[in-house]
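Residue strings, one per chain:
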Amino acid sequence: MGKKIDIIKVITHADGGEDYAKNATKYPSNEYCVGLRGYGVDCYDPATAKEQFESLAKYHGNDGKNQFIHFMMSFLTETAPDAETSMEIIDQVMEPLKEEHQILIGNHKKQTLSSDYHGHGFVGTTNLETGKMLHPTNKLNYAMAQRMADIIQKPVELVIEKKNKTPESDSSRTQTSTSAKGDNNKNKDFKRVFYPHKNEND
């Protein structure tokens with residue numbers, strides 16, 4: 001097995017539809033939840049949050065398009081030993097998107113061999129002012145991974161997944177093989193490690 005590392009995973013469901021929207025807004029407050037935050041949406045009422053995401057998309061003519069970019073961050077125990085630290089890291093990573101996009105954050109406690117906390121940030125893809133769609137490009141994904149590495153001052157593995165899975169299957173830290181023999185490369189998760197820039201305060 002490889003060395004344990006903090007992870008940021010990017011998940012998109014371009015054809016998720018109504019069921020995915022319901023699940024995405026309910027999932028942050030599931031039984032593992034130890035903290036919620038919402039930017040432009042009601043984090044305590046999934047039905048209201050879903051309506052807020054959808055009404056903005058509809059207003060700008062984006063209904064029926066990819067509604068969310070889902071960032072899942074999983075922290076080693078030494079990185080986030082408590083819920084407060086976990087939530088603070090998630091919130092800081094999401095910071096660049098707060099001004100222009102709705103965001104629903106759920107901080108979860110689920111113990112594994114190397115991690116106690118992980119978090120989910122569901123980012124609405126419709127720009128609040130312009131209506132322009134946010135796409136999970138390498139430019140965005142790489143910037144978010146680098147930002148997380150800089151915040152925690154440790155290497156971070158970026159995992160980009162585009163398969164049609166439920167959020168439940170996305171929350172696992174375990175890095176299992178993403179394809180069986182015979183699968184082609186486009187069905188494999190993309191992985192890349194980002195290293196922190198030196199903290200100027202050090």
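Each residue is numbered by its place in its chain's sequence as written, counting from 1. Totals for whole chains, interfaces and linings use every residue, but because this is a predicted model, local features are given only for residues with pLDDT of at least 70 and side-chain atom pairs only at 80 or more, for both listing and counting. No hydrogens and no water enter the side-chain calculation; it runs on all heavy atoms of the structure.

Caption draft 1: Main features of the pattern of salt bridges. Salt bridges are identified by distance alone: a Lys or Arg side-chain nitrogen within 4 Å of an Asp or Glu carboxyl oxygen. Applying the stated criterion across every chain yields a total of six salt bridges. Lys50 is paired through a salt bridge with Glu54; the nearest N and O atoms lie 2.9 Å apart. Highlighted residues: Lys50 and Glu54, both in helix α2 (residues 46-59), separated by four residues, approximately one helical turn. Exposure is judged per residue with a 1.4 Å probe applied to protein chains only, and the accessible area is read against the type maximum: over 50% gives exposed, under 20% gives buried, and values in between give partly exposed. According to the relative accessible area criterion, Glu54 is partly exposed, its value standing at 26%. Secondary structure elements are taken from DSSP: a helix is a run of H or I of four residues or more, a strand is a run of E of two residues or more, and numbering for both begins at the N terminus.

Caption draft 2: Spotlight on the packing of helix α1 (residues 17-26) against α2. Note on geometry: axes are lines fitted to C-alpha atoms, helical ones only across the stretch in contact, with angles between N-to-C directions running from 0 to 180 degrees. Relative to each other, α1 and α2 sit at 125°, their axes nearing to 8 Å. The angle between the axes of α1 and α2 places the two elements in the oblique class. The element α1 and its partner α2 pack so that their crossing is right-handed. The segment α1 lies against α2, with Glu18, Ala21, Lys22, Thr25 and Lys26 engaging Pro46, Ala49, Lys50, Phe53 and Glu54. Any angle that falls under 35 degrees is termed roughly parallel, while one over 145 is termed roughly antiparallel, one within 65 to 115 roughly perpendicular, and all others oblique. Each crossing gets its handedness from the near helix: less than a right angle anticlockwise from the far helix is left-handed, clockwise is right-handed. By definition in these notes, contact holds between two residues if any of their heavy atoms fall within 4.5 Å.

Caption draft 3: Region of interest: the confidence of the model for the protein. A residue's pLDDT is the confidence the predictor assigns to it, expressed on a 0 to 100 scale. When pLDDT is averaged across the protein, the result is 89; 85% of the residues are at 70 or more. Low confidence marks residues 169-183, where pLDDT is under 50. Its contacts with residues over four positions away, or in another chain, come to 31 contacts.

Caption draft 4: Broad picture of unusual backbone geometry. With a phi angle near 55°, Gln153 is a residue other than glycine that sits in the positive phi range. Inspection of the secondary structure puts Gln153 in the loop between α4 (138-152) and β6 (156-161). Residue Gln153 is classed as partly exposed on the basis of its relative accessible area, which comes to 30%.

Caption draft 5: Local environment of helix α3 (residues 83-94). In a regular helix each residue adds 1.5 Å, so twelve residues correspond to 16 Å; α3 covers 17 Å between its end C-alpha atoms and thus fits that length. When α3 is considered as a whole, its buried residues turn out to be Ala83, Ser86, Met87, Ile89, Ile90, Asp91, Val93 and Met94. Check the buried side of α3 and you find it contacts β1 (6-11), β2 (33-39), β3 (68-75), β4 (103-109), β5 (117-124) and α4. One side-chain oxygen of the residue at the start of α3 lies 3.3 Å from the amide nitrogen of Glu84, identifying that residue as Asp82. An expected span of 1.5 Å times one less than the residue number is assigned to each helix. Pairs of N or O atoms within 3.5 Å make up the polar contacts considered here, provided that, within protein, one atom can donate a hydrogen while the other can accept it, and that residues adjacent in sequence are counted only when both atoms are side-chain atoms.

Caption draft 6: Main features of the state of the cysteines. Here, the term disulfide refers to a pair of cysteine sulfur atoms separated by no more than 2.5 Å. Across all of its chains, the model carries zero disulfides by this definition. With no disulfide partner, Cys33 has as its closest neighbouring cysteine sulfur the one in Cys43, 8.6 Å distant.

Caption draft 7: Local environment of the sheet that holds β3. The strand order β2-β4-β5-β3-β1-β6-β7 describes an open sheet built from seven strands, whose pairing is mixed. Strands with a single pairing partner mark the edges of an open sheet, and in this sheet they are β2 and β7 (190-194). Strand after strand, the sheet turns through a mean of 15° between neighbouring axes, direction not considered. Direction of pairing for β4 relative to β5: antiparallel, over a ladder of seven bridges. Its bridge partner being in β5, Ile103 is matched across the sheet by Val123. On the sheet, α1 packs against β3, β4 and β5 and is oriented at approximately 40° with respect to β3. With respect to the sheet, α4 is in contact with β1, β3, β6 and β7, its orientation differing from that of β6 by roughly 155°. Strand pairing follows a simple DSSP-based rule, namely that at least 2 bridges must link the two strands.

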